[in-house]
Each structure stands twice: as structure tokens, then as C-alpha cells.
Amino acid sequence: MSKVKLENAIHSKIEKGGKVFIPYIMAGDGGLRALEEQILFLQEAGVTAIELGIPFSDPVADGPTIQEAGKRALNEGTTLTGVLNELKSIKSSIEVPIILMTYVNPIFIYGIARFAADCKEAGVSGVIIPDVPVEEMEILSGSLKQAEIAIIQLATLTSPIERIKKISSLSEGFLYAVTVKGITGARAAFNVDVEEYLEEIKAISKVPVLAGFGISTSAHVESMASHCDGVIVGSKIIELLNNGEKDEIKELVAAVK
């Protein structure tokens with residue numbers, strides 16, 4: 001049911017003529033005691049789903065803002081076990097799908113089968129694991145599929161079309177289209193070929209396409225969403241949450257409606 005919850009939420013938004021907005025937040029930034037309040041605020045703001053980062057000591061895709069959030073969470077003693085236990089305890093109040101973004105090492109340490117089973121029990125709908133390419137995802141996919149957890153794949157600006165076709169055919173829930181050649185973080189501008197790239201991916205993808213990395217303003221949200229099915233916003237959401245600027249977050253979410 002978990003994977004279906006994510007698919008239904010995204011397709012419902014699209015079928016109504018809207019665009020998907022998924023915020024990224026770092027679990028444990030502010031302590032795990034703050035997680036329920038953060039999720040419920042975003043839920044009330046009208047997001048389609050929430051991407052929840054698991055703090056990790058050696059991230060490869062994260063820019064400075066998310067790295068700092070990860071450090072704050074680690075300093076609070078946040079662990080994968082703690083995050084899943086917290087989600088289990090608050091899942092009755094969560095209506096939107098939850099997607100975990102983590103690296104593969106914490107999953108191996110946790111135990112792949114146990115991770116999948118506990119994700120299901122915690123109400124997690126999908127996972128994003130950026131340091132595992134599609135060729136190696138089978139080490140995780142058996143347990144995740146059995147637990148009905150969507151495996152969301154990433155495509156990049158440097159991915160050849162044939163590879164994007166393969167990635168999109170294996171992605172569940174949606175395809176994450178990375179819009180910069182680099183790590184996460186707010187950008188003032190994007191490469192001129194991003195819009196063409198998004199439309200090209202959308203034309204061949206078997207699942208909805210969401211744009212992410214670098215999106216930080218309402219103008220970015222509107223522009224990117226006009227060329228695909230929606231957006232994912234991380235660093236800016238973390239920055240605004242950390243500053244208590246909730247009205248600005250609501251403005252970003254409203255930019256896709």
C-alpha cells in the first residue's frame with residue numbers, strides 16, 4: 001500500500017491539472033522531537049509528499065545547506081533507527097506520503113531486509129538512494145519491492161537518452177530529474193538547456209517527472225514545473241524552516257497551484 005499511496009497522490013494532483021510539490025527536510029534537524037511539527041506544517045501547506053533526509057557523515061549529493069542540516073541532526077544524535085521509530089510513533093497523524101532519502105551505507109549497517117520491513121511499518125512510501133546506480137539496485141530491490149516501497153531513480157543532465165529510458169523504466173512513483181551538474185543548493189540561474197532536457201525526459205518517461213536541485217524561488221518553481229510534472233525543493237526549505245520563515249515556504253508551495 002505504501003508505494004500506491006505515493007503513486008495515487010502524484011497522479012491525483014496531475015489529473016486535477018496541478019503540479020506536484022515535494023519539499024525536502026533533514027530528519028533530526030532541530031531534534032527528532034521537531035519532526036512531527038515540521039511534517040504537519042508542510043502537510044497543511046499543501047505539499048504532495050515529503051522527502052525526508054537521513055543524516056549521513058559522508059554525503060556525495062548534498063550541498064552546503066543540506067550538509068550543515070545533516071551535521072546539526074547528527075549532533076542531536078539522530079540515527080536511521082531513531083527516524084524510523086519516530087515515524088512509527090507519529091504515522092497516524094501523517095496523511096502525505098513520506099519518501100526517505102538516504103545513502104546505502106546506513107541501509108547496509110541497518111540490514112536490508114530489516115530496513116525494508118521497518119520502512120513499511122513506519123508508513124514510508126518510497127526511497128531515494130543516490131549512490132546506488134540502477135545496475136546495482138538489485139541488491140536492495142528485492143526486499144523493497146516485497147515491502148511495497150517505491151524505488152525512485154535519478155536522471156541527470158549528463159545521462160545519455162538510452163540510459164534515461166532505462167532509468168525511467170525502472171523508476172517507481174516518479175523520475176527525479178536533476179537540473180544541475182553538481183550538488184544540491186540554491187542557484188541564481190540554470191543552464192539554458194534545462195528546459196529542453198526536462199521536456200525530453202518527460203516525453204520518454206513512463207512515470208511522472210519531477211525536477212530537483214537548485215530550485216529556490218517561486219519563479220524557479222513556476223518555470224521548472226511548466227516543463228515537467230512538478231518540483232522538489234530542499235536547501236531553500238531547510239533554510240526557511242531554520243529561520244522560522246513559514247510564510248515564505250507557503251509561497252513556494254503555492255507557486256505550483
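Residues numbered from 1 in each chain as written. Predicted model: local features only at pLDDT ≥ 70, side-chain atom pairs only at ≥ 80, totals over all residues. Heavy atoms only, no water.

If you check an unreviewed UniProt entry, the protein appears there as Tryptophan synthase alpha chain from Falsibacillus albus. As its UniProt record puts it under Sequence similarities (unreviewed entry), the protein is described as follows: "Belongs to the TrpA family." (UniProt positions renumbered as here; feature names shortened; annotations may be inferred.)

Draft legend 1. Fine view of a negative patch on the surface. A grouping of Asp193, Glu195, Glu196, Glu199 and Glu200 is seen on the molecular surface, where their side chains present a negatively charged patch. With respect to the helices and strands, glutamate 196 occurs in helix 9 (residues 194-204). (Patch = residues over 30% accessible without salt bridge, like charges linked within 9 Å, V, L, I, M, F, W, Y side chains within 5 Å. Areas by Shrake-Rupley, 256 points an atom, 1.4 Å probe, with all protein chains shown as cover. Salt bridge = Lys/Arg side-chain N within 4 Å of Asp/Glu carboxyl O. Lys, Arg positive; Asp, Glu negative; His and termini not counted. Charge placed at Lys NZ, Arg CZ, Asp CG, Glu CD. Helix = DSSP H or I, 4+ residues; strand = E, 2+ residues; numbered from the N terminus.)

Draft legend 2. Region of interest: the confidence of the model for the protein. Chain-level statistics for the protein give a pLDDT mean of 92 and a share of 95% at 70 or above. Low pLDDT, under 50, characterises residues 182-189; the predicted model gives this stretch 25 contacts beyond four residues in sequence or across chains. (pLDDT = per-residue confidence, 0-100. Contact = heavy atoms within 4.5 Å.)

Draft legend 3. Quick peek at the nonpolar core. In terms of nonpolar packing, the biggest core is built from 69 residues, with Phe21, Leu87, Leu100 and Phe115 touching the most fellow members. If near-sequence neighbours (up to four positions away) are discounted, leucine 87 is found in contact with Leu35, Ile39, Leu52, Ile94, Ile98, Leu100, Ala122 and Val124. Core analysis: the next-biggest nonpolar cluster, separate from the first, contains 26 residues, Val20, Ala49, Ala61 and Ile128 among them. (Core = buried A, V, L, I, M, F, W, Y, C linked by side-chain atoms within 4.5 Å. Buried < 20%, exposed > 50% of the residue type's maximum accessible area, 1.4 Å probe, protein only.)

Draft legend 4. Molecular detail of helix 3 (residues 64-75). Here helix 3 spans 16 Å end to end across 12 residues, near enough to the 16 Å set by a 1.5 Å rise per residue. Residues Ile66, Ala69, Gly70 and Ala73 constitute the buried set of helix 3. When helix 3 is viewed along its axis, its buried side chains cluster within an angular range of 100° and face the same direction. Away from its buried face, by an angle of more than 90 degrees, helix 3 presents the exposed residues Pro64 and Asn75. On its buried side, helix 3 packs onto strand 1 (20-26) and helix 11 (235-242). Following helix 3 by one or two positions, glycine 77 adopts a phi angle in the positive range, close to 85°. (Expected span 1.5 Å × (residues − 1). Arc of directions from axis to C-beta.)

Draft legend 5. Structural context of the packing of helix 2 (residues 35-45) against helix 4 (residues 80-90). Relative to each other, helix 2 and helix 4 sit at 60°, their axes nearing to 10 Å. In terms of axis orientation, helix 2 runs oblique to helix 4. For the pair helix 2 and helix 4, the sense of crossing is right-handed. Contact with helix 2, carried on its side by Leu35, Glu36 and Ile39, involves Glu86, Leu87 and Ile90 of helix 4 and no other residues of that element. Looking at the contact of helix 2 with helix 4, its residues break down into four nonpolar, no polar and two charged. (Axes fitted to C-alpha atoms, helices over the stretch in contact; angles between N-to-C directions. Parallel < 35°, antiparallel > 145°, perpendicular 65-115°, else oblique. Left-handed = near helix turned anticlockwise from the far one by under 90°. Nonpolar A, V, L, I, M, F, W, Y, C, P; charged D, E, K, R; others polar.)

Draft legend 6. Representation of helix 2 within the structure. Within helix 2, burial applies to Leu35, Gln38, Ile39, Phe41, Leu42, Gln43 and Ala45. Turning to helix 2, the residues buried within the fold contact strand 1, strand 2 (50-53), helix 4, strand 3 (98-101), helix 11 and helix 12 (246-254).

Draft legend 7. Examining the pattern of salt bridges more closely. Scanning the model with the defined rule gives 15 salt bridges in all. For lysine 246, the salt bridge goes to glutamate 37, with nearest N and O atoms at 3.5 Å. Residue lysine 246 is found in helix 12, and its partner glutamate 37 is found in helix 2; the two are separated by 209 residues along the sequence. What makes glutamate 37 exposed here is its relative accessible area of 52%. Here lysine 202 makes a salt bridge to aspartate 229, at a shortest N to O gap of 3.0 Å. Here lysine 202 is found in helix 9, whereas its partner aspartate 229 is found in the loop between helix 10 (218-225) and strand 9 (230-233), with 27 residues between them in sequence. For lysine 202, a relative accessible area of 37% translates into the label partly exposed. Looking at aspartate 229, the relative accessible area reads 8%, which means it is buried. Ionic contacts of the salt-bridge type, sharing partners, join the residues Lys88, Arg114, Asp118 and Glu121 into one network.

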